[in-house]
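The chain contents come next:
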Amino acid sequence: MHSFMAFDPYGGMDMNMKHYIEEAEQELMHTYSRYQIVFDHGDGMYLYDVEGKKYLDFAAGIAVFALGYNCKDYNEALKVQIDKILHTSNLFYTVPAIEAARKFNRISGMDRVFFTSSGTEAIEGAIKLARKYYFKKYGIANSQIISMDHSFHGRSMGALSVTGTSKYREAFEPLIGGVVFAEFNNLDSVKELLQQNTAAIIMEPVQGEGGLYPATKEFIQGVRALCDERDILLILDEIQCGMGRTGTMFAYEQFGIKPDIVTSAKALGCGVPVGAFAAVERVAAAFEPGDHGTTYGGNPFATAAVAKVIELFEQERLLEHVNQVAPYLEEKLDMLAGKHACIVERRGMGFMQGLEFKMPVKDIVPKALDKGLVLISAGANVLRFVPPLIVEKEHIDAMTTVLDQILSE
Ligand SMILES: *Cc1c(COP(=O)(O)O)cnc(C)c1O
């Protein structure tokens, strides 16, 4: 192996994946059980590993790469911004941040936005804003937040505190107090948890990591009505289901409601690490200078990405495309569910779909990877389909054929 490296014109680049993986396992913290692949580059719907093998990708970097890999217009906009300036600080204004804010507020129907560097930080900000709103209104702290079972909102201490999977939380307690969990899609269970000091209800319109569960219309509208009655803030986490994935810019549009605070990330940056939380004016006004901040959040590079992503969504008519092609994905997944007895059901909205199996799916994913198909799971028994939004019927056919083969074996 070392003599091979000596011939490498790139000085140390070794095309042997095993070598890379061994080194990674030595150098990186063991927080992931990674699949045995080292990716090198991507193009459109495809990823390529360091040995040149091509993979059809139905994961999009976990619902991130909406525009597909190596989107030229997007790359160009980033390069232009890199040559201008990557970062100033939030003590000054920059044009990309202003453009991104205007565009984000327009697509979300919110009035003010705060850009972060990740989804988790967007959740942190949303929690802080809700608590500050309550504090300003009643002059006391110690407010309660209702979250949902099986929800996922991130891994920082605050975001973890509202994440509804106890195995993620257990080892890190005490987390932030005043968080209780209701049963998702059960309005009575939310009502039972309401307290005088309930400040906010947080949920994903379509639960992602928790296993691809869409909210029912009655539930989400019922929660909205409860919130309206008591001036409780509805925080909708659209980090995964937002940015066009379900066929509307934000999933809540399809439920005919609007949140008081929305969080976004993942496809918001299409590869550049950026998130956002935004609120209606009445709520956003609770924050005063000094209440919240970030060094990197909303820097000109990240916000140039956001502004370009939103521009390209419109230019490429991505929503139209999702609405045209997503029913075909549903049809194909329903076909698989009908054919293979090991599948319990298909669930999801638009290009955020899941197939629940009777058994763990951890053996299916590596088999798919062997055959050049990237799939991911969501919980033990659910295969998750969150392809780049540019996916075409031919890609869906190719994916279906491979998965059908694996399930037939
Ligand atoms: C991914 C995700 C998060 C966390 O976002 P990060 O960018 O990983 O911090 C929060 N909420 C939902 C719904 C997500 O899917």
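Because the structure is predicted, anything quoted here is derived from the model rather than measured. Sequence order as written defines residue numbering, which begins from 1 separately in each chain. Only residues with pLDDT of 70 or above have their local features reported here, since the model is predicted, and side-chain atom pairs are shown and tallied only from 80 upward, although totals for entire chains, interfaces and linings are computed over all residues. Hydrogens are left out, water is left out, and the side-chain values use all remaining heavy atoms of the structure.

## Quick word on the domain arrangement of the chain
Here the chain is partitioned into domain 1 (17–67 + 317–408) and domain 2 (73–315). Taken over C-alpha atoms, the centre of domain 1 sits 26 Å from the centre of domain 2. Here, two residues are considered to be in contact whenever any of their heavy atoms come within 4.5 Å of each other. Domain 1 puts 28 residues into the contact, and the matching count from domain 2 is 29 residues. Throughout, buried area stands for the accessible area (probe radius 1.4 Å) lost by two parts on being put together, summed over both. Taking both sides of the interface into account, the surface hidden between domain 1 and domain 2 amounts to around 2,300 Å²; carbon and sulfur atoms contribute 66%. By the criterion of area lost to domain 2, the three top residues of domain 1 are Leu67, Met349 and Met352, representing 31% of everything that side buries. Between Lys or Arg on one side and Asp or Glu on the other, a salt bridge is scored when a side-chain nitrogen of the former is within 4 Å of a carboxyl oxygen of the latter. The partner of Glu209 in a salt bridge is Arg384, and the shortest N-O contact between them spans 2.9 Å. Polar contacts, as used here, are pairs of N or O atoms within 3.5 Å; protein pairs need one atom able to donate a hydrogen and one able to accept it. Residues neighboring in sequence count only if both atoms are side-chain atoms. In this assembly, domain 1 and domain 2 are joined by 11 residue pairs in polar contact (both at pLDDT 80 or more). If you list the elements that add at least two residues to the side of domain 1 that touches domain 2, you get helix H3 (60–63), helix H13 (318–339), strand S13 (343–349), strand S14 (352–357) and strand S17 (382–385). Each residue receives one of three labels: charged for Asp, Glu, Lys and Arg, nonpolar for Ala, Val, Leu, Ile, Met, Phe, Trp, Tyr, Cys and Pro, and polar for the others, Gly being one of them. Here the residues of the side of domain 1 that touches domain 2 sort into 18 nonpolar, 6 polar and 4 charged. The start and end points of each domain follow an automatic or database-based domain assignment. The helix count covers DSSP runs of H or I at least four residues long, the strand count covers runs of E at least two residues long, and both are numbered beginning at the N terminus.

## With respect to the sheet that holds strand S10 (residues 233–237)
One open sheet accounts for 7 strands, arranged S4-S12-S11-S10-S7-S5-S6; its pairing is mixed. Two strands bound the open sheet, and with one partner strand each, they are strand S4 (112–116) and strand S6 (179–182). The mean inter-strand angle of the sheet, taken between neighbouring strand axes irrespective of direction, is 20°. Strand pairing follows a simple DSSP-based rule, namely that at least 2 bridges must link the two strands. Direction of pairing for strand S7 (residues 198–203) relative to S10: parallel, over a ladder of 4 bridges. Residue pairing for S10: Ile201 is matched across the bridge by Leu234. Lines fitted to C-alpha atoms define the axes, with helix axes restricted to the stretch in contact, and inter-axis angles between N-to-C directions lie between 0 and 180 degrees. Contacting S4, strand S5 (144–148), S7, S10, strand S11 (261–264) and strand S12 (275–279), helix H6 (residues 119–138) crosses the sheet at an angle of about 165° to S11.

## Structural notes on the site of the ligand
In these notes, residues near a molecule or strand are those with any non-hydrogen atom within 4 Å of it. The environment of the ligand is formed by Ser118, Gly119, Thr120, Phe152, His153, Gly154, Glu204, Asp237, Ile239, Gln240 and Lys266. The separation between an oxygen atom of the ligand and a polar main-chain atom of Gly119 is 2.8 Å. Calculation of accessible area relied on Shrake-Rupley with a 1.4 Å probe; when residues are assessed, cover is drawn exclusively from the protein chains displayed. Within the complex, 82% of the 380 Å² of free accessible area of the ligand lies under protein. Considering only residue class, the shell around the ligand consists of 2 nonpolar, 6 polar and 3 charged.

## With respect to the packing of aromatic side chains
What counts as a ring pair is set by centres within 6.5 Å for rings of Phe, Tyr and Trp (its six-membered ring), and what kind of pair is set by the plane angle: stacked under 30 degrees, edge-to-face over 60, tilted for all other angles. Inspection of the entire model under this criterion finds 10 aromatic pairs. Considering the side-chain rings of Phe39 and Tyr55, the 5.2 Å spacing of their centres and the 85° angle between planes classify their relative orientation as edge-to-face. Separated by 16 residues along the polypeptide, Phe39 in strand S1 (residues 39–43) and Tyr55 in strand S3 (residues 54–57) bring together distant segments of the chain. On the basis of relative accessibility, which here comes to 37%, the residue Phe39 falls in the partly exposed class. Relative accessibility thresholds used throughout: buried, under 20% of the residue-type maximum; exposed, over 50%; partly exposed, between the two (1.4 Å probe, protein chains only). By relative accessible area, which is 2% here, Tyr55 ends up buried. Geometrically, the ring pair formed by Tyr134 and Tyr138 is tilted, given 4.6 Å between the ring centres and 45° between the ring planes. With Tyr134 and Tyr138 both in helix H6 and 4 residues apart, the pair spans about one turn of that helix. Classification of Tyr134 by relative accessible area gives buried; the value is 7%. One aromatic cluster in this structure is built from Phe104, Phe115, Phe250 and Tyr252. One Lys or Arg, Arg155, reaches over the ring of Tyr168 and ends 4.2 Å from the middle of that ring. Working rule: Lys NZ or Arg CZ, within 6 Å of ring centre, within 35 degrees of ring normal, means a charge sits over the ring. Of note, Lys393 hangs over the ring of Tyr328, and the distance from its end group to the ring centre comes to 5.2 Å.

## Let's talk about the packing of helix H5 (residues 95–108) against helix H12 (residues 300–315)
Between H5 and H12, the least distance of the axes is 8 Å, while the angle of their chain directions is 40°. As summarised for this structure, H5 and H12 are arranged oblique, according to the angle between their axes. Here the hand of the crossing between H5 and H12 comes out left-handed. Facing Pro96, Ala97, Glu99, Ala100, Lys103, Phe104, Arg106 and Ile107 of H5, the residues of H12 in contact are Pro300, Thr303, Ala304, Val306, Ala307, Ile310, Glu311 and Glu314. The labels follow the angle: roughly parallel below 35 degrees, roughly antiparallel above 145, roughly perpendicular from 65 to 115, and oblique for the rest. In this scheme, a crossing is called left-handed if the near helix is turned counterclockwise away from the far one by less than a right angle; it is called right-handed if the turn is clockwise.

## A look at the pairing of S11
Two faces, one strand: in a regular strand the side chains alternate between the faces of the sheet. The two faces of S11 match: Ile261 and Thr263 on one face and Val262 and Ser264 on the other face are all buried. Alignment of S10 against S11, held across 3 bridges, turns out to be parallel. Along S11, the bridge assignment pairs Asp237 with Thr263. Where S11 lies against S12, 4 bridges are found, and the strand directions are antiparallel.

## Quick look at the state of the cysteines
To count as a disulfide, a pair of cysteine sulfur atoms needs to be within 2.5 Å. Under the definition given, this model contains 0 disulfides. Here Cys71 stays unpaired: no disulfide links it, and the sulfur of Cys270, its closest cysteine neighbor, is 8.1 Å away.

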